[in-house]
Amino acid sequence: MNVDLEVDLHHLPRVEGHGNIRIRIEGGKLREARWEVVETPRYFEVMLKGKHFTTAAHLAARICGICSIGHALASLRATEGAFGVTVPETARKLRLLAKHGETLQSHYLHLFFLVLPDLLGTDSVLPLVETKPQLFDVARRLRGVANRLCEAVAGRAIHPVSLRPGGVARAPNAEQLRAARHDLEQSLEDLDAVVKLFGSLELPAFERETEFVSLEGEDAYPFIGGALISSDGVEKAERDYRAMTNEYAVEGNTSKWCRLSRESFAVGALARFNNNHRLLHDRAREVASELGLEPVCHDPFKNNVAQTVECVHATVDAIAIIDGLATEGMGELSTPVEPRAGVGVGAVEVPRGILYHEYEYDEDGYVVRADCVIPTTQNNANIQHDLVELAQRFAKAGKTDRELELLAAMLVRAYDPCISCSVH
Amino acid sequence: MRYLGLTPERPKLAVFDFTGCEGCQLQLASKEESLVDFLGLVEVVCFREISSACSDDYDVAFIDGAISRQDEVARLAEVRRRAKTLVALGSCACFGGVNKLKNAFDLNEANREVYGYLAQETMPTQAICDVVPVDLAIPGCPVSKDEVERVVQHLIWGVPFRFPAYPVCVECKQRFTTCVFELGELCLGPITCGGCDAPCPAGGLGCWGCRGPAAEPNYEEFFELARARDFSAREIAERLEFFGAFEVRP
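Analysis parameters
Residues numbered from 1 in each chain as written. Chains lettered and ligands numbered in written order. Predicted model: local features only at pLDDT ≥ 70, side-chain atom pairs only at ≥ 80, totals over all residues. Heavy atoms only, no water. Buried < 20%, exposed > 50% of the residue type's maximum accessible area, 1.4 Å probe, protein only. Helix = DSSP H or I, 4+ residues; strand = E, 2+ residues; numbered from the N terminus. Arc of directions from axis to C-beta. Contact = heavy atoms within 4.5 Å. Pairing = 2+ DSSP bridges. Buried area = accessible area lost by both parts, 1.4 Å probe. Salt bridge = Lys/Arg side-chain N within 4 Å of Asp/Glu carboxyl O. Disulfide = S-S within 2.5 Å.

Visitor: When you look at helix α7 (residues 168-175) of chain B in this model, what are you seeing that I'm missing?
Guide: In an α-helix, one full turn covers 3.6 residues, which means residues spaced three or four apart are oriented alike. All names here are of chain B. Of the positions making up α7, those classed as buried are V168, E171 and C172. Taken end-on, α7 shows its buried residues confined to a sector of 105°, consistent with a single buried face. In α7, the exposed positions that point more than 90 degrees away from the buried face belong to K173 and Q174. Of the surrounding secondary structure, the elements contacted by the buried residues of α7 are α8 (199-202). Count one or two residues on from α7 and you reach F176, which has phi positive near 60°.

Structure, rendered in structure tokens:
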């Protein structure tokens, strides 16, 4: 078929950070399909060197303006692992509550501000203020609930202040917890509207068999720490994350790529859903079936649906945590931390997938070496392989440059890339 | 929107990002209770992170992030040429932010350590005002949306915006926050510009100085106070260099 198509998207909009998409199809043959990350490198692993353990998590948080709570938690877990510290149960719960707040913040941002405009045929969510004020209000309210939850638990919506080595510095008071619970309970109604909305909108249909990597849940849908698992059957301990990621630098990209059993793998909401579906709250599982999402799903566009399902799970679980704290009362918030020479690893499921921080400390508690492996870094190779497959299939259909551009942009956006993060 | 019978100009606003986490620009889309009003004050014509529309015709440019690669210099110069008012948004734009910490290292060595043989182009981190003239700088990591709203209102009505001269300590007192020095924390509150409403000490964390120096900071007294509480010179220096906002060292 004589199809000629060209896409040249410089600094793809509606994603975090700077990336380019180039596709060239000549005479129906794919000549080029490339996902290039061109973000400016920041060298956080170098900047962390020589920093005190009480500074590390604050610096690590600045890697990302969306998942700063997740970076702080992975950083703290690495530090606490190196020093042999176990945080008290109340601190563990509060950290998970902050984590849920961030998952909600980030997923709502992605679903409403980054993805929805493509499905409604607008440039951004901003015109909805005039054209669909009720829908904009739902988005605004849900983001507000998530931000307030983070503020109540972590002290601020981004770049948290209350999370510290050994536990948390302070706990929300009873009034703040009651308000957060009320917020979350009310938001379930708005979430129903989101589920209906995403059930009514059609996502592109595309599948490519993929290996999915995530934390392995034992008795709960996993977010903070634990064993690592892939849908191809690879299992590793948290400390062996390097063997799970195999990070390598590639020409023409400021982000590295990763591989495991195949040439690429995926992390994120869909990977978590595929690997740990049975551990979701009932209500989230019901929403998954309502939206036609079943494990193992190999359609990257369905990551948007998996995020919707996770919003339900995080909301229900956050309510359960608050109820638990109310019944059992607040215990110890923090345990004393004595630095010692050693290495620690922290794996945390942040909104875009599994995140690893590893620090080596000297005996005085200063960082000697740091390594961070970011979810988007792990997804970049998979985005590239999806893009090639998508362009090849599309070439046969004979469509316009503009249509291919939109489809390719939607594919990359479905991964919710956090490009600044990936080029930390 | 009308105010006291007057309809203000609705400036065309563009947002651009350089070296940083993009967290400050995302603050523009938060503070949900007043978001619709805020969006009514300005016409957002370019905001890549949340919109695929982009116009080169804008009045006010918000700059998020610092400058650390040559292509950013050219891109920033172009924005400066087009914008009537250029605003540095957040500590990275105002001071270089945490990105500036890399300047203490040999960049070739840093490249080898992170990228191996595939070294990336980089240069020492600079604040926006080191590269082009800046009309207004809103510090913070992240910026306070509350303050951004007030700055934008001042811009619209042509009234100069004044940042507080007083330090963060004043806002801790206003909030009845227990002084974190009393809890054994190091805190830059006595020398840091207020206006953030002191969320960090309220969360049990000392101030890290993300807003830069208050007017006429008394560094000698501050060092005295920190030393008297057994904080080492290394700790104090690490804190002061964190956001690139303080030149002074103990």
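Picking up where we left off.
Visitor: Please explain the pairing of strand β10 (residues 353-361) of chain A as it appears in this structure.
Guide: Look at any regular strand and the pattern is simple: side chains alternate between the two faces of the sheet. Residues and elements named next belong to chain A. Most of β10 is tucked away, with eight of its nine residues classed as buried. Summarising the sheet, strand β9 (residues 342-350) and β10 pair through nine bridges and their orientation is antiparallel. Note on β10: the bridge partner recorded for G346 is H357. From the end of β9 to the start of β10, which pair antiparallel, there are two residues. Of the strand pairs in this sheet, β10 and strand β11 (residues 367-373) are connected by six bridges, and their pairing is antiparallel. Opposite Y359, over in β11, you have A370 as the bridge partner.

Visitor: Mind showing me how you'd approach the interface of chain A and chain B here?
Guide: Buried accessible area, meaning the area lost when the parts come together, often serves as the stated size of an interface. Taken residue by residue, the interface counts 62 residues in chain A and 56 residues in chain B. It is T40, Y43 and V46 of chain A that lose the most area in chain A upon contact with chain B, and together they represent 12% of the buried surface on that side. Run the count over chain A and chain B and you get two salt bridges. A salt bridge links K49 of chain A to E113 of chain B; its shortest N-O distance comes to 2.8 Å.

Visitor: Mind showing me how you'd approach the pattern of salt bridges here?
Guide: Residues and elements named next belong to chain A. All told, the structure shown has 54 salt bridges over all chains when counted by the stated rule. A salt bridge links E32 to R24, with the shortest nitrogen-to-oxygen separation between them at 3.9 Å. The exposure class of E32 is partly exposed, given its relative accessible area of 22%. Exposure remark for R24: the relative accessible area of 29% places this residue in the partly exposed category. Within this structure, R242, E358, E360, R369 and D371 form a network of salt bridges that share partners.

Visitor: Looking at this structure, I do not really get the state of the cysteines. What am I missing?
Guide: The tally for this structure, following the rule as stated, stands at one disulfide over all chains. With a sulfur-sulfur separation of 2.2 Å, C46 of chain B is cross-linked through a disulfide to C54 of chain B. Torsion about the S-S bond of the C46 of chain B and C54 of chain B cystine: about -80°, corresponding to left-handed handedness. Overall, C46 of chain B belongs to the buried group, its relative accessible area being 3%. Not engaged in a disulfide, the cysteine C258 of chain A finds its nearest cysteine sulfur in C372 of chain A; these two sulfurs lie 13 Å apart. Of the residues examined, C258 of chain A reaches a relative accessible area of 0% and is grouped as buried. Free cysteine: C172 of chain B, not disulfide-bonded; nearest cysteine sulfur from C187 of chain B at 6.3 Å.

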